[in-house]
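An overview of the molecular structure
In case you want the letters, here they are:
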Amino acid sequence: MPVKFLDLYSQYLSIKKDIDLAIETVIKESAFVGGRHVQEFESNFAQFLQVNHCIGVGNGTDALEIAINSCDFPLGSEIIVPGNSFIATSEAVTRSGHRVVFADVDPECYTLTSASVASKITPCTVAIIAVHIYGHPCEMDPLMDLCKEHNLLLIEDCAQAHGAEYYGRMVGGIGHLAAFSFYPGKNLGAYGDGGAVTSQDPDRAKLVRMIANHGRIGKYDHELEGRNSRLDGMQAAILSVKLSHLQTWTKRRIEIADYYLKHLTGIEELILPVRKPWARQVYHLFVVRTERRDQLKAFLADRQIETGIHYPISLPKLQAYAYVGDLEPSAFYNSTDSTLLSLPIGEHMCQEQVELVVSEVRNFFLAK
Ligand SMILES: *Cc1c(COP(=O)(O)O)cnc(C)c1O
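Heads up: these notes are all about the structure in this document. (Residues numbered from 1 in each chain as written. Predicted model: local features only at pLDDT ≥ 70, side-chain atom pairs only at ≥ 80, totals over all residues. Heavy atoms only, no water.)

Digging into the pattern of salt bridges
- Applying the stated criterion across every chain, the model contains 18 salt bridges.
- Note that E40 and R36 form a salt bridge whose closest N and O atoms lie 3.1 Å from each other. Of the two residues, E40 and R36 both sit in helix 3 (residues 36-49), four residues apart, roughly one turn of that helix.
- Taking the relative accessible area as the measure of exposure, R36 reaches 39% and is therefore partly exposed.
- We note a salt bridge from R99 to E78, for which the minimum N-O separation is 3.0 Å. Of this pair, R99 sits in strand 3 (residues 99-103) while E78 sits in strand 2 (residues 78-82), placing them 21 residues apart in sequence.
- Take E78: its relative accessible area is 8%, and that puts it in the buried class.
- Among the ionic contacts, a cluster of salt bridges with common partners joins D62, E65, R95 and R227. (Salt bridge = Lys/Arg side-chain N within 4 Å of Asp/Glu carboxyl O. Helix = DSSP H or I, 4+ residues; strand = E, 2+ residues; numbered from the N terminus. Buried < 20%, exposed > 50% of the residue type's maximum accessible area, 1.4 Å probe, protein only.)

Things to note about the site of the ligand
- Surveying the vicinity of the ligand reveals 13 residues, the closest of which are G60, T61, D157, S181 and K186.
- Note that a nitrogen atom of the ligand is positioned 2.8 Å from one of the side-chain N or O atoms of D157.
- A distance of 2.8 Å separates an oxygen atom of the ligand from a polar atom in the side chain of Q160.
- A total of 380 Å² of accessible area belongs to the ligand in isolation, and the protein chains cover 92% of it.
- Listing elements by their share of the shell around the ligand, those giving two or more residues are helix 4 (60-69) and helix 5 (88-95).
- Here the residues of the shell around the ligand sort into four nonpolar, seven polar and two charged. (Near = heavy atom within 4 Å. Polar contact = N/O pair within 3.5 Å; in protein donor to acceptor, adjacent residues only side chain to side chain. Areas by Shrake-Rupley, 256 points an atom, 1.4 Å probe, with all protein chains shown as cover. Nonpolar A, V, L, I, M, F, W, Y, C, P; charged D, E, K, R; others polar.)

Focus on unusual backbone geometry
- Here the amide bond leading from H310 into Y311 is cis, since omega sits at 10°, within 30 degrees of zero.
- Within the element layout of this structure, Y311 appears in the loop between helix 10 (293-302) and helix 11 (332-336).
- The phi dihedral of D72 falls on the positive side, at around 55°, and the residue is not glycine.
- Relative to the helices and strands, D72 resides in the loop between helix 4 and strand 2.
- Among the residues examined, D72 registers a relative accessible area of 66% and is labelled exposed.

Focus on helix 4
- Across the 10 residues of helix 4, eight count as buried, placing the element largely inside the fold.
- Three or more residues of helix 4 are buried, namely G60, D62, A63, L64, E65, I66, A67 and I68.
- The residue sitting at the N-terminus of helix 4 and contributing the capping side-chain oxygen is N59; that oxygen lies 3.0 Å from the backbone nitrogen of T61.

What to know about the packing of helix 2 (residues 16-29) against helix 9 (residues 233-263)
- Remark: helix 2 packs on helix 9, axes separated minimally by 9 Å, with the N-to-C direction vectors making an angle of 150°. With respect to each other, helix 2 and helix 9 are oriented roughly antiparallel. For the element pair helix 2 and helix 9, the recorded crossing hand is right-handed. The residues of helix 9 that touch helix 2, namely those facing D18, I19, A22, I23, V26 and I27, are G233, M234, A237, I238, V241 and K242.
- A per-class count over the contact of helix 2 with helix 9 returns nine nonpolar, one polar and two charged. (Axes fitted to C-alpha atoms, helices over the stretch in contact; angles between N-to-C directions. Parallel < 35°, antiparallel > 145°, perpendicular 65-115°, else oblique. Left-handed = near helix turned anticlockwise from the far one by under 90°. Contact = heavy atoms within 4.5 Å.)

Describing the sheet that holds strand 7 (residues 169-170)
- Strand order in the open sheet formed by three strands is 7-6-10, and the pairing between neighbours is antiparallel. In the strand order of this sheet, the two ends are held by strand 7 and strand 10 (279-280), each with one partner.
- One ladder, built from two bridges, connects strand 6 (residues 165-166) with strand 7; its direction is antiparallel. Within strand 7, the residue paired with Y166 across the bridge is R169. (Pairing = 2+ DSSP bridges.)

Comments concerning the pairing of strand 12 (residues 340-343)
- Of the two faces of strand 12, the one carrying L340 and S342 and the one carrying L341 and L343 are both buried.
- Where strand 11 (residues 286-289) meets strand 12, four bridges bridge the pair, whose relative direction is antiparallel. Following the sheet pairing, V288 is matched in strand 12 by L341.

Quick word on the sheet that holds strand 4 (residues 125-131)
- Strand order in the open sheet formed by seven strands is 1-9-8-5-4-2-3, and the pairing between neighbours is mixed. Here the strands that pair on one side only, and so sit at the sheet edges, are strand 1 (53-57) and strand 3. With direction set aside, neighbouring strand axes in the sheet form an average angle of 25°.
- As defined by bridge partners, strand 4 adjoins strand 5 (residues 153-157) across five bridges and the pair is classed as parallel. Residue pairing in the sheet places I129 in a bridge with I155 of strand 5.
- Docked against the sheet, helix 4 engages strand 1, strand 2, strand 4, strand 5, strand 8 (177-181) and strand 9 (195-199), running at close to 165° with respect to strand 8.

Now the structure itself:
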């Protein structure tokens, strides 16, 4: 029985009628850019997150960049990002004219720790990007305290964390601004690129909306120079349909994770991800660690079980960041990228497949 890492087609088939109708409606109304489908999704998603403002944009990388731009930091300011993320997080910093500073992550849930952030703050630091990586929320209170103390802004990167909660509060409305991605493979994914910026603050939201749409206040009245980064009507209509299933799909992810955690425990060579007691982890990825990562990956592939690696090279070790010169040998992100393995997880998996993954992983480690 093959196990796919991701199966967007089977997901489509399960909601085909509603998706087809949504697409047809957008075409019928020619509501391709802007219009009611975008407004409806923005309001649906804001309500889902319990956040005051949501602005649809072109993709998650743009969402981060526009969020940073809206803060109007002096050029060349330093922004602290985790060493373990997708490159979009740090790219957005550089592309907005600022300097990337890497900080270390928690060895149990892989999110930024306030201690490592604190050690990287200088007089040039203006912001922290807290990435809720793999779907696990960052520990927000200590980070927000640091921000208060040093007059920094906190930007949440929620690209992997739609619906994740910190002490019962959904991420996306805790920091000053937040960025979401709706890349197809994310927990809430469009049928193409898409993204959103969210905030509780009306002034920040207004500026974000202007920047994402040519700095407009009226049709041809531009208060500033912005850019073109918009969520299109088709993606918005698709996202509204999928949003109504997100909690069900997320519950299934958590159920699978609980099964993995229960049945893969006690294997000495295998380190399981830890869910902090205050977290609702939405398991965009279920990432384990083992020194025999490459052998385990090949063993599972032989048995038609797909796995992933997130990420094969940590950000500070990428060629693109050689110029930062930040390669402390003791840093956590330097020692673990060769041991990380993402097991398949998602609502596309049936119970037999979940059990198969468990039994094959156990076979790999425990069979004599
Ligand atoms: C996917 C992702 C992004 C970028 O989103 P895109 O929509 O692909 O531009 C940013 N940050 C993280 C952590 C991501 O996983």
